[in-house]
Amino acid sequence: DAMVIQNPRYQVTQFGKPVTLSCSQTLNHNVMYWYQQKSSQAPKLLFHYYDKDFNNEADTPDNFQSRRPNTSFCFLDIRSPGLGDAAMYLCATSRDPGYEQYFGPGTRLTVT
Amino acid sequence: SQQGEEDPQALSIQEGENATMNCSYKTSINNLQWYRQNSGRGLVHLILIRSNEREKHSGRLRVTLDTSKKSSSLLITASRAADTASYFCAAVMEYGNKLVFGAGTILRVKS
């Protein structure tokens with residue numbers, strides 16, 4: 001089945017230690033998104049790629065970066081995680097901007 | 001800031017009853033989408049309604065859209081325990097290309 005895969009499902013990192021979360025898709029969608037979701041809150045868009053074009057949200061901290069080396073893969077890099085970065089990180093794809101989005105299962109990040 | 005506001009924040013009903021959730025948004029939209037999220041999981045797309053549509057059905061789901069009031073509702077008929085989840089509306093602004101989520105409604109269906 002075509003799907004969005006996130007690895008790992010659970011990630012524990014130390015305060016200040018860089019961490020990378022990965023996302024892959026078999027849907028061949030043009031757009032890939034990264035969201036941060038904290039407990040009992042709505043997902044918050046961090047950035048998205050439309051093909052190779054990177055779009056950063058104005059309030060996304062500089063600590064967060066992303067890479068999309070090809071259509072199938074997208075990475076979220078957190079350069080120096082703080083305790084406030086502990087959250088669920090969701091990857092999503094859509095055929096084109098504004099269309100329905102397909103979400104991965106998420107990676108729960110814990111910062112110790 | 002969030003585009004959508006949802007009410008109620010939480011809803012608890014008995015199996016077999018209908019559940020209605022409401023969403024309001026602030027600016028003109030291209031479409032409005034509803035998503036379900038089971039605890040600790042990713043979101044699942046339920047239904048998309050375009051700005052020129054007023055009502056849409058999908059199985060036990062019925063979505064309405066009133067652009068004059070900038071509001072939408074999601075009705076789940078004959079609810080089941082498996083419908084227990086958080087439900088989010090998400091608006092795509094008329095001149096934008098991203099989803100802006102509401103705060104969500106937590107639905108609990110008791111068996």
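Everything in this summary refers to the structure shown in the same document. None of the values given here were measured: they were computed from a predicted structure.

Each value, and the rule that gives it
Position numbers for residues count from 1 along each chain, tracking the sequence in the order it is written. Going through the entries in the order they are written, you letter the chains from A and number the ligands from 1. Thresholds applied to this predicted model are a pLDDT of at least 70 for local features of residues and 80 or more for the giving and counting of side-chain atom pairs; totals over whole chains, interfaces and linings are not thresholded and use all residues. In computing side-chain properties, one takes all heavy atoms of the structure into account and sets aside hydrogens as well as water. Secondary structure counts use DSSP, requiring at least four H or I residues in a row for a helix and at least two E residues in a row for a strand, with both numbered from the N terminus. Here the globule rule reads 2.2 Å times residues to the power 0.38, and the radius of gyration is calculated from C-alpha atoms. Under the scheme applied here, a residue whose accessible area is under 20% of the maximum for its type counts as buried, over 50% as exposed, and between as partly exposed, the area being computed with a 1.4 Å probe on protein chains only. Note on contacts: a residue pair qualifies if any of its non-hydrogen atoms lie within 4.5 Å across the two residues. Reported accessibility uses the Shrake-Rupley method at a 1.4 Å probe radius. Residues are deemed covered only where the shown protein chains occlude them. Positive charges come from Lys and Arg, negative ones from Asp and Glu, while His and the chain ends are left out of the count. Charged side chains are reduced to one point each, which is NZ for Lys, CZ for Arg, CG for Asp and CD for Glu. Computed with a 1.4 Å rolling probe, the buried area is the accessible surface lost when two parts are put together, summed over both parts. A carboxyl oxygen of Asp or Glu within 4 Å of a side-chain nitrogen of Lys or Arg is what we treat as a salt bridge. Under this definition, polar contacts are N or O atom pairs within 3.5 Å; protein pairs additionally need one hydrogen-donor-capable and one acceptor-capable atom, and for neighbouring residues in sequence, both atoms have to be side-chain atoms. In this description, the term disulfide denotes a pair of cysteine sulfurs within 2.5 Å. Between any two strands, at least two bridges found by DSSP are needed for them to pair. Angles here are taken between N-to-C directions and fall from 0 to 180 degrees, while the axes themselves are lines fitted to C-alpha atoms, restricted in helices to the stretch in contact.

**Side note on the overall build of chain B**
Looking only at helices and strands, chain B has 0 helices and 11 strands in total. Counting helices and strands in the order they occur from the N terminus, chain B gives β-β-β-β-β-β-β-β-β-β-β. At 13 Å, chain B has a C-alpha radius of gyration in line with the 13 Å of a compact globule built from 111 residues. Scored against the burial criterion, the 111 residues of chain B give a buried share of 44%. Restricting to contacts in chain B with at least 6 residues of sequence separation, those with at least 24 account for 55%. When the accessible surface of chain B is totalled, it reaches about 5400 Å², and 44% of it is carbon and sulfur. Charged side chains in chain B number 14 positive and 10 negative. The centres of these two groups are separated by 4 Å.

**Looking at the interface of chain B and chain A**
Every contact between the two is made by 19 residues of chain B and, on the other side, 21 residues of chain A. For the pair chain B and chain A, the summed buried surface comes to about 1500 Å²; carbon and sulfur atoms form 55% of the total. At the junction of chain B with chain A, the criterion picks out 1 salt bridge. Lys98 of chain B is the partner of Glu57 of chain A in a salt bridge, and the nearest nitrogen-oxygen pair spans 2.4 Å. In this assembly, chain B and chain A are joined by 6 residue pairs in polar contact (both at pLDDT 80 or more). If one sorts the elements of the side of chain B that touches chain A by residue count, strand E4 (residues 29-37) of chain B sits on top with 4 residues.

**Let's talk about the state of the cysteines**
Working definition: the covalent bond between the sulfur atoms of two cysteines is a disulfide. Throughout the structure, instances matching the rule amount to 2 disulfides over all chains. Sulfur-sulfur distance for the disulfide between Cys23 of chain A and Cys91 of chain A comes to 1.9 Å. Since a negative S-S torsion denotes a left-handed disulfide, the Cys23 of chain A-Cys91 of chain A link at about -75 degrees is left-handed. One end of the pair, Cys23 of chain A, is in strand E3 (residues 19-25); the other, Cys91 of chain A, is in strand E9 (residues 87-94), and 68 residues separate them in sequence. Each member of the pair, Cys23 of chain A together with Cys91 of chain A, is buried. Across the disulfide from Cys23 of chain B sits Cys89 of chain B; the S-S distance is 2.0 Å. Here the S-S torsion is close to 70 degrees, and the disulfide linking Cys23 of chain B with Cys89 of chain B is therefore right-handed.

**Quick notes on the sheet that holds strand E1 (residues 4-7) of chain A**
Residue and element names in this part refer to chain A. Strand order in this open sheet of 4 strands is E1-E3-E8-E7, and the pairing throughout is antiparallel. A strand with exactly one partner marks an edge of an open sheet, and here the two such strands are E1 and strand E7 (64-67). Taking the axes of each pair of neighbouring strands and ignoring which way they run, one obtains an average angle of 20 degrees across the sheet. As defined by bridge partners, E7 adjoins strand E8 (residues 73-78) across 4 bridges and the pair is classed as antiparallel. When the sheet's bridge partners are listed, Gln65 is paired in E8 with Asp77.

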